[in-house]
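Here are the chains, one letter per residue:
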Amino acid sequence: MRKVSIVDIKQVPPKNWEEALSRFVTLKKAQQYAPKTIEGYVENVRAFYRRYGEKAWGDSCRDCLLNYLAQDGIAPSTYNVRLKTLRPFFAYCVSEGGLASNPTDGLKFRHEEPRMVDHSLETLQAMVAVMDTTKFTGLRDKALFFLSLDSGIRPSEALQLKVEDIDTSLCRCAIRGTTAKTRRNRVVFFSMPTAELVKKLIDVRPPEWDVSTPVFCSSYGEPWETREWTRQLDRYAKKAGVKRFSAYDLRHQHAIQFLRNGGDVMTLSHEMGHANLTMTQKYLALADEDIQKTHAKASPINNLFPKRKRLGRI
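Everything numeric here is computed off the predicted structure, so don't read it as measured data. (Residues numbered from 1 in each chain as written. Predicted model: local features only at pLDDT ≥ 70, side-chain atom pairs only at ≥ 80, totals over all residues. Heavy atoms only, no water.)

Draft legend 1. Representation of the packing of helix H2 (residues 35–52) against helix H3 (residues 61–69). At their nearest, the axes of H2 and H3 sit 11 Å apart, and the two run at 105 degrees to each other. Between H2 and H3, the angle falls in the class roughly perpendicular. Residue-level contacts link Asn 44, Ala 47, Phe 48, Tyr 49, Arg 51 and Tyr 52 of H2 to Cys 61, Cys 64, Leu 65, Asn 67 and Tyr 68 of H3. Here the contact of H2 with H3 is built from residues that sort into eight nonpolar, two polar and one charged. (Axes fitted to C-alpha atoms, helices over the stretch in contact; angles between N-to-C directions. Helix = DSSP H or I, 4+ residues; strand = E, 2+ residues; numbered from the N terminus. Parallel < 35°, antiparallel > 145°, perpendicular 65-115°, else oblique. Contact = heavy atoms within 4.5 Å. Nonpolar A, V, L, I, M, F, W, Y, C, P; charged D, E, K, R; others polar.)

As structure tokens, this is what we get:
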């Protein structure tokens, strides 16, 4: 009987953090992580090692990390982003034999309040008023503004929509799992005024733009980034006399108005593409404040027995 030799294949640890990062990125791509998520990992890992170099690849990694997270003036959001992106990378390094232990073990996220600006109706109207729809850029921006406010779609998702993803006759668009933050397919809906603007934008597309060209693109048919859309909104804000306005403000505004107008949390959570109800409930808290103020004004008791001004001593 022929003898069979057994070869012991040992896992080769990464030699340095660059090799570990390269292998980590390959794994995340294989796991179908969103490109933006992977980009965030790469950016934060590189930023950490630019500061500390090779001394953070080994026993000193924990000390370097604590120093990195303990910088003066670091905001809770910055602290959390660093911890959130570095933790899985270090966990991978441990699993591959590059590090003996995960330096993020025992570290907790800091409490942070999300930035959810509640713009007034007048502010929204002022923003739209300064968009020149006689030009492609103005028409594109107004259509994107309406769609974002109307549906609550994420900026990154809206900017990757293709013509085939949008049905203006049914007032709906499909968000593919490959572009969604949660990697799940979903459908969002919008109103007829939004549909009319989006249809007009699609109709003026040059014939040389093929199906791969996003609906919301540059004047040259090139893909647009969220930061470019935010910069464009900032220009409109200055023209309209608005202090600050970002691409994500439209998504937040949609959620707040949806709940104010009687929408339920479960529907909103599905529409927004939230992985769970945690984020959705934060919008609910803002809407509840409005409900309480409205109740105070409309309360039968408050109207029957209004508070009397307290008189001083006679």
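Draft legend 2. Representation of the pattern of salt bridges. Summed over all chains, the structure comprises nine salt bridges. Here Glu 19 ties to Arg 23 by a salt bridge, and the two come within 3.0 Å at their closest N and O atoms. Highlighted residues: Glu 19 and Arg 23, both in helix H1 (residues 17–30), separated by four residues, approximately one helical turn. A salt bridge links Arg 186 to Glu 157, with the shortest nitrogen-to-oxygen separation between them at 2.8 Å. Of this pair, Arg 186 sits in strand E3 (residues 186–189) while Glu 157 sits in helix H7 (residues 155–158); the two residues are 29 residues apart in sequence, bridging distant segments of the chain. According to the relative accessible area criterion, Glu 157 is buried, its value standing at 1%. What you see here is one network of salt bridges that share partners, running through Glu 19, Arg 23 and Glu 96. (Salt bridge = Lys/Arg side-chain N within 4 Å of Asp/Glu carboxyl O. Buried < 20%, exposed > 50% of the residue type's maximum accessible area, 1.4 Å probe, protein only.)

Fair warning: the whole summary comes from geometry, so function is off the table for now.
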